[in-house]
Amino acid sequence: MKFSTTVTTGLIVATSSSTFFADAFVPSSLHASSSAAATASSTRLQVQLEAPSTPLKSLPKIEQLKISSDYLRHPLLEQLQTEEIGISKDAYQILKYHGSYQQNNRETRGPKDYQFMLRLKQPAGELPPDLYRLLDDLSAKHGQGDLRATTRQCFQMHGVLKGDLKTVIASIMNIGSSTVGACGDVSRNVMTTPAPFASPEYKYAREYSKVFAELFKPMSPAFSEIWLDGEKAASVETWAKEVAHHRVEEAMRHDNGRGVVLPDATEPIYGDRYLPRKFKIGVTVPGDNSLDIYTNDIGVVVLCDDNGQLEGFNVMVGGGMGRTHNKENTFARAADHMGFVPKEDIMEVLKAIVAAQRDHGNRDVRANARMKYLVHTLGIDNFKRLVESYYGKEILPWRPISEWKYNDWMGWWEQGDGKLFYGQHIDNGRVKDDGDFRLKSAIRAVVDRYNLHSIMSPTQSIIFRDIDPKDKEGIEAILREHGVKPLEEIDPLARLSMACPALPLCGLAQGEAERLMPSYIERMRDLLNRMNLSDEEILMRMTGCPNGCARPYMAELAFVGDGAKTYQVWLGGSPVLTRTAWPFMARMDRDKLEETMEPILGMFIEQRMEFEAFGDFCHRVGAEKIEEYSKTYVPGSVKA
């Protein structure tokens with residue numbers, strides 16, 4: 001089954017009832033009173049969406065629930081006190097904002113054995129040694145014994161029982177970390193390039209990731225009330241202390257009179273309905289696209305002068321991965337370049353972007369609620385003007401920067417300050433002990449012996465930083481003693497790959513991902529070897545559903561679960577992660593990987609340009625030509 005041209009182009013969008021007017025300002029119906037001050041500005045900046053002319057429908061249930069929750073308290077507070085092993089659907093929706101998902105093992109028959117997944121919030125992916133020790137201990141005592149590195153630079157822990165939630169979350173909060181806002185319709189974990197270089201640009205990227213995390217953290221006292229009995233955490237969040245000199249809360253509450261800040265003492269940015277959908281921010285430096293910067297709602301690029309002094313930031317908007325099978329008005333989207341922002345205005349501009357999405361994102365149709373649909377519907381120029389109407393100034397043009405490159409930062413590197421860092425590859429992010437392979441114990445041994453700080457990578461791996469060069473051999477010895485392969489023994493296909501957890505715990509999974517990907521890597525390696533393409537490196541990703549947690553739609557080759565044993569095949573993403581792929585095939589039987597891929601690789605061998613990457617080749621020739629070539633391909637007939 002092939003996709004239609006309409007699906008392939010992915011350009012049909014449900015624009016709901018709102019109409020964009022370039023020269024007329026009509027305040028949002030959601031926050032009309034708080035936006036009224038903006039009407040006094042110039043026509044150039046008076047750009048917003050017109051309020052619907054028909055009477056407003058009753059609010060969707062999820063929006064009603066957010067309002068009635070009293071800033072994320074109810075009915076979670078009551079449900080946590082029952083003797084049931086699980087919580088109600090409404091309480092589960094609120095629990096997400098506290099950083100947890102209710103799950104059950106879908107392969108276990110009988111009554112549902114509810115358990116909970118906890119996800120940390122780790123801005124810039126930073127992982128102090130004391131926090132890793134705590135997570136290692138908690139996962140052993142209260143979880144399923146392993147940890148899972150995510151694609152947004154944080155750890156999540158599976159298998160926590162309802163009765164242990166308070167103990168686990170309180171322990172995390174009291175050590176100076178958090179799970180708050182790791183899930184839910186708020187700004188999620190703020191990502192950055194994981195490379196801990198000592199250069200000014202990289203330092204600013206780490207610093208401002210924490211600034212933005214603080215700027216958009218939920219302010220409700222519900223978190224401390226529920227998990228700490230109303231007491232303050234024993235330790236302030238580590239990243240908050242590090243950026244205290246930015247006076248972030250003061251900047252967050254600053255009201256420019258243009259409708260950015262709401263008349264809400266508890267949540268001045270979010271209000272009692274929070275955002276229409278989840279919101280993702282990434283920060284990097286020119287040329288370093290190790291974090292998939294174009295997949296974020298907001299992407300921020302640090303720009304310094306020749307002396308390393310911060311000048312400002314390039315800002316992109318409207319990226320996002322999630323889509324729904326058989327719904328042509330949902331699609332993956334790479335972000336658009338919006339413009340340059342001086343350093344002194346960056347917090348106000350990001351607030352303006354969030355306010356635009358808060359007030360004009362589609363709250364009626366949740367499948368179209370991400371900001372990418374608002375940007376796509378308006379177009380980048382009109383969206384920029386909408387943001388300017390909140391900001392109060394014109395946004396300057398995007399500044400030219402160096403070309404993007406992709407690097408996973410694995411292996412040994414010099415930081416630039418006399419210290420080293422080491423990237424440890426983790427297959428699909430699963431930190432576990434399994435027979436002679438004892439990665440979890442190895443990481444604990446390294447942390448205990450050298451007290452190293454770590455950074456979670458955007459590719460589900462971990463980086464040890466600030467290593468004294470004299471400790472290099474000792475670290476390598478620990479890893480070797482625990483059965484962890486050195487980097488040179490890891491297949492490049494594995495290093496480039498990612499897969500989401502999928503079955504058996506994810507309630508959205510339609511098929512396998514993490515448990516199937518290792519065999520797909522082996523099979524692709526065998527096929528490449530047979531076709532004399534052993535040196536070819538292809539960026540591959542797999543998910544068990546179309547929601548895109550492993551960012552499959554940016555990969556050169558992706559497999560997206562669309563049935564119990566079938567996958568969509570996506571081709572044509574960029575090896576440097578700057579464009580989305582396109583759907584080539586639906587319902588590929590998972591046993592027919594070689595049958596599907598051999599003709600495509602054969603055409604690649606015969607028609608590629610010099611030094612052309614696989615994803616670039618597929619992007620250039622397109623689906624129709626690949627399909628036409630595949631129809632007449634004779635198995636085994638082409639080798640490099």
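Residues numbered from 1 in each chain as written. Predicted model: local features only at pLDDT ≥ 70, side-chain atom pairs only at ≥ 80, totals over all residues. Heavy atoms only, no water.

**Q** Got a minute to help me understand the packing of helix α6 (residues 129-142) against helix α15 (residues 439-450) in this structure?
**A** For any two helices packed against each other, the geometry is given by the interaxial angle and the distance between the axes. Contact geometry for α6 and α15: axes closest at 10 Å, N-to-C directions at 145 degrees. Note on packing geometry: the crossing formed by α6 with α15 is left-handed. For the pair formed by α6 and α15, the contact residues are Pro129, Tyr132, Arg133, Asp136, Asp137 and Ser139 on the first element and Lys440, Ile443, Arg444, Val447 and Asp448 on the second. Here the contact of α6 with α15 is built from residues that sort into four nonpolar, one polar and six charged. (Axes fitted to C-alpha atoms, helices over the stretch in contact; angles between N-to-C directions. Helix = DSSP H or I, 4+ residues; strand = E, 2+ residues; numbered from the N terminus. Left-handed = near helix turned anticlockwise from the far one by under 90°. Contact = heavy atoms within 4.5 Å. Nonpolar A, V, L, I, M, F, W, Y, C, P; charged D, E, K, R; others polar.)

**Q** Just checking my understanding: could you explain the state of the cysteines for this structure?
**A** Put plainly, a disulfide is one covalent bond tying together the sulfur atoms of two cysteines. With the rule as written, the count across this model stands at zero disulfides. In this model Cys549 remains outside any disulfide bridge; the closest cysteine sulfur is found in Cys500, 6.1 Å from its own. (Disulfide = S-S within 2.5 Å.)

**Q** Would you take a moment to explain the sheet that holds strand β7 (residues 281-284) for this structure?
**A** Strand pairing within a sheet occurs via backbone hydrogen bonds; the two strands may be parallel or antiparallel. With mixed pairing, the five strands of this open sheet are ordered in space as β6-β7-β8-β9-β10. Every interior strand has two partners, whereas the edge strands, β6 (191-192) and β10 (336-342), have only one. In the sheet, β6 pairs with β7 via two bridges, with the strands oriented parallel. Its bridge partner being in β7, Thr192 is matched across the sheet by Val283. Packed on one face of the sheet, helix α8 (residues 200-215) meets β6, β7, β8 (298-304) and β9 (310-317) and runs near 140 degrees to β8. (Pairing = 2+ DSSP bridges.)

**Q** Would you mind showing me how to read the packing of aromatic side chains here?
**A** Think of a pair of aromatic rings as described by two things: how far the centres are apart, and how the planes are tilted against each other in angle. Under the defined criterion, the tally for this structure stands at 22 aromatic pairs. Where Phe197 meets Trp413, the ring centres are 6.4 Å apart and the plane angle is 80 degrees; that geometry is what we call edge-to-face. Of the two residues, Phe197 is situated in the loop between β6 and α8 and Trp413 in strand β11 (residues 411-414); the sequence distance between them amounts to 216 residues. By relative accessible area, which is 15% here, Phe197 ends up buried. Overall, Trp413 belongs to the partly exposed group, its relative accessible area being 26%. On the numbers, 6.4 Å between centres and 55 degrees between planes, the contact of Tyr520 with Tyr567 is tilted. Residue Tyr520 is found in helix α18 (residues 517-530), and its partner Tyr567 is found in strand β21 (residues 566-571); the two are separated by 47 residues along the sequence. Note on Tyr520: relative accessible area 0%, which makes it buried. Three or more aromatic residues joined by ring pairs make a cluster, and in this case those are Phe197, Tyr202, Trp409, Trp413 and Phe421. Across from the ring centre of Tyr92, 5.0 Å away, lies the NZ or CZ of Lys96, which sits over that ring. It is Arg399 that lies over the ring of Phe340; its NZ or CZ is 3.8 Å from the centre. (Phe/Tyr/Trp six-rings, centres within 6.5 Å; stacked < 30°, edge-to-face > 60°. Buried < 20%, exposed > 50% of the residue type's maximum accessible area, 1.4 Å probe, protein only. Lys NZ or Arg CZ within 6 Å of the ring centre and 35° of its normal.)

**Q** Sorry, what's going on with the nonpolar core here?
**A** The tendency in soluble globular proteins is for nonpolar side chains to be buried as a group. Leu135, Phe155, Phe212, Met338, Ile353 and Phe383 are the most contacted members of the largest nonpolar core, which totals 121 residues. Residue contributions to this core peak at nine residues, all from helix α12 (residues 346-360). In terms of nonpolar packing, the next biggest core, distinct from the first, is built from 47 residues, Leu493, Ala509, Leu527 and Phe614 among them. (Core = buried A, V, L, I, M, F, W, Y, C linked by side-chain atoms within 4.5 Å.)

**Q** Would you take a moment to explain the sheet that holds strand β18 (residues 498-499) for this structure?
**A** The strand order across the open sheet formed by five strands is β18-β19-β20-β21-β22, and the pairing between neighbours is mixed. Each edge of the open sheet carries a strand with a single partner, namely β18 and β22 (582-589). Pairing geometry for strand β20 (residues 557-561) and β21, over five bridges, is antiparallel. Within β21, the residue paired with Val560 across the bridge is Gln568.

**Q** What's the story with the environment of Asp448 in this structure? I'm lost.
**A** Assignment of secondary structure puts Asp448 in helix α15. Assessed through its relative accessible area of 39%, Asp448 is described here as partly exposed. Measuring from C-alpha to C-alpha, the distance between Asp448 and Pro129 comes to 7.8 Å, with 319 residues separating the pair along the chain. For Asp448, the side chain forms a polar contact with the side chain of Arg133, separated by 2.8 Å. (Polar contact = N/O pair within 3.5 Å; in protein donor to acceptor, adjacent residues only side chain to side chain.)

**Q** Would you take a moment to explain the confidence of the model for the protein for this structure?
**A** Caution applies to low-pLDDT parts of the model: their predicted coordinates are not meant to be read in detail. Across the protein, the average pLDDT comes to 92, with 91% of residues at or above 70. Every residue in residues 1-56 scores below 50 in pLDDT, and together they form 120 contacts with partners more than four places removed in sequence or on other chains. (pLDDT = per-residue confidence, 0-100.)

**Q** Can you help me understand the packing of α8 against α12 in this one?
**A** Look at α8 against α12: their axes get within 11 Å of each other, and the N-to-C directions meet at 50 degrees. On the basis of the axis angle, α8 is oblique to α12. Seen along the crossing, α8 lies across α12 with a hand that is right-handed. Judged by residue contacts, Tyr208, Val211, Phe212 and Leu215 of α8 engage Ile346, Met347, Leu350 and Lys351 from α12. Here the contact of α8 with α12 is built from residues that sort into seven nonpolar, no polar and one charged. (Parallel < 35°, antiparallel > 145°, perpendicular 65-115°, else oblique.)

**Q** Is there a simple way to think about a negative patch on the surface in this case?
**A** Residues Glu473, Glu476, Glu488 and Glu489 make up a contiguous surface patch of negative charge. Mapped onto the fold, Glu476 is located in helix α16 (residues 472-481). (Patch = residues over 30% accessible without salt bridge, like charges linked within 9 Å, V, L, I, M, F, W, Y side chains within 5 Å. Areas by Shrake-Rupley, 256 points an atom, 1.4 Å probe, with all protein chains shown as cover. Salt bridge = Lys/Arg side-chain N within 4 Å of Asp/Glu carboxyl O. Lys, Arg positive; Asp, Glu negative; His and termini not counted. Charge placed at Lys NZ, Arg CZ, Asp CG, Glu CD.)

**Q** Where do I start with the side chain of Glu536 in this structure?
**A** Tracing the sequence through the fold places Glu536 in the loop between α18 and β19 (540-543). We classify Glu536 as buried; its relative accessible area is 13%. Within the structure, the side chain of Glu536 is placed 3.2 Å from the side chain of Arg608, a separation counted as a polar contact. Residues contacting Glu536, with those up to four places away along its chain left out, are Leu493, Arg525, Leu528, Phe604, Arg608 and Phe614.

**Q** Help me understand the pattern of salt bridges, please; the structure alone is not making it clear to me.
**A** Overall, the coordinates contain 43 salt bridges when judged by the stated rule. When the shortest N-O distance is used, the salt bridge between Arg273 and Glu63 registers 2.9 Å. Within this pair, whereas Arg273 is found in the loop between α11 (248-253) and β7, its partner Glu63 is found in helix α3 (residues 61-68), the two being separated by 210 residues in sequence. With respect to burial, Arg273 and Glu63 carry one shared label: buried. For Arg73, the salt bridge identified is with Asp70, shortest N-O distance 3.4 Å. Note on Arg73: relative accessible area 14%, which makes it buried.

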